[in-house]
Amino acid sequence: MQTDLRSTLLYRKALGCLLGGLIGDAMGTPTEGKDYREIEARFGWVDDFATDGTDDTVMKNLLAEALIRTGGHATMDAWAQVWLDRWDSIFGPKQAKFFISVLHTAHKLKRHCTPRLAALGNMPSSSSAMCISPVGIVNAANPRAAAMQAYNLAALIHTHDVGFCQDGAASMAAAVAAAFAPDATVASVLDAATRYIEPLSGREMLDAIERALTLARSSNDYVAFRAHIYADADRFLQRVICDSRETVPLTLAIVLLAEGDVQRSVMYGANLGRDADTIASMAGAIAGALGGAEAVPTEWADKARRLCAQDQEQLALDLARTAIARQLDQSAAAQRLEMLYRTP
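Residues numbered from 1 in each chain as written. Predicted model: local features only at pLDDT ≥ 70, side-chain atom pairs only at ≥ 80, totals over all residues. Heavy atoms only, no water.

Caption draft 1: Broad picture of the packing of aromatic side chains. Tallied over the full model, the rule gives five aromatic pairs. Taking 6.0 Å as the distance between ring centres and 80° as the angle between the ring planes, the aromatic pair formed by Trp-45 and Tyr-222 counts as edge-to-face. Residue Trp-45 is located in the loop between α2 (36-43) and α3 (55-69), and its partner Tyr-222 is located in helix α12 (residues 222-231); the two are separated by 177 residues in the primary sequence. We classify Tyr-222 as buried; its relative accessible area is 5%. On the numbers, 5.6 Å between centres and 85° between planes, the contact of Trp-79 with Trp-83 is edge-to-face. (Phe/Tyr/Trp six-rings, centres within 6.5 Å; stacked < 30°, edge-to-face > 60°. Helix = DSSP H or I, 4+ residues; strand = E, 2+ residues; numbered from the N terminus. Buried < 20%, exposed > 50% of the residue type's maximum accessible area, 1.4 Å probe, protein only.)

Caption draft 2: Structural detail: the nonpolar core. Core analysis: the biggest nonpolar cluster contains 121 residues, and Met-27, Met-59, Trp-79, Trp-83 and Leu-252 have the highest contact counts within it. Residue contacts for Met-27: discarding those within four places in its chain leaves Val-46, Asp-47, Asp-48, Phe-49, Val-266, Met-267, Ala-270 and Trp-300. (Core = buried A, V, L, I, M, F, W, Y, C linked by side-chain atoms within 4.5 Å. Contact = heavy atoms within 4.5 Å.)

Caption draft 3: Here's a closer look at the pattern of salt bridges. The full count for this structure, using the stated rule, is 21 salt bridges. The residue Arg-37 makes a salt bridge to Asp-35 at a minimum N-O spacing of 2.9 Å. Glu-38 is the partner of Arg-42 in a salt bridge, and the nearest nitrogen-oxygen pair spans 3.6 Å. Of this pair, Arg-42 and Glu-38 both sit in helix α2, separated by four residues, roughly a single helical turn. Given the relative accessible area of 54%, Arg-42 is considered exposed. (Salt bridge = Lys/Arg side-chain N within 4 Å of Asp/Glu carboxyl O.)

Written out as structure tokens, the structure is:
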């Protein structure tokens, strides 16, 4: 008898990942660009949301479409085509939320560049890392494959002197993929987040992640951790607040401090300030994949369904199907190799 995909752990983790990311994006929207002390003065403690997110969620949906179209095998070309096909998703009501490099890249794609060249000259940002979670979903429990695919996809926005942003995307994709393992833990997810970054080219990102995680472990307290990173800005913060050398390490540290809990992860990200929507979104995606849809508070999930323009349950179902298709392709390739090996 055919299994109902909605009853599977794969689907529940996919939905948890999508909801956690969307809710984190939405909760961090009012605190984006602010110092945590300003957040405390204006809002106290942010623990709710009132929108369906920003460019982080739009870009995630565009990437998910590229993956679904290609049976999970999307490259930068496939993603670029979705940008062009869904032009109004970028240059629509949320255009002001998009980082200038993404808008510039889209125009380059439309007017004179191939995808391979469109990233040249872009500033550092988290525009690839912030939306890469669907790559982790379609490579469920295979963090190495997720990281390698993320390196290619992220090159649509980041390359050469900002190649460390590709490292950030690879880290986030691998973390999400590792969270899909049935026996996944915070420790196994954090291990995967660094294991597949290029060890020489990615040294800057690896060092930044290690600094943040070391501080999180020694602080063992979110409030103390947050105060420390602001006080020691030269070590933990970047000139551009959305630089992935800042957001990715802080995201992983927050997941550690929150012990992988979805609710705490998104609130910690939202109340951190700086690029709060992106940090909360990435932390929520990782924690949501780790805990599954049941780990997302019911009232938050219900509100997300009401506010979100795109049906996240259907998207989770489509991505789960895509994950199965992609991994069946890989299994078929392995069987063909085995036949070659066994044939005299």
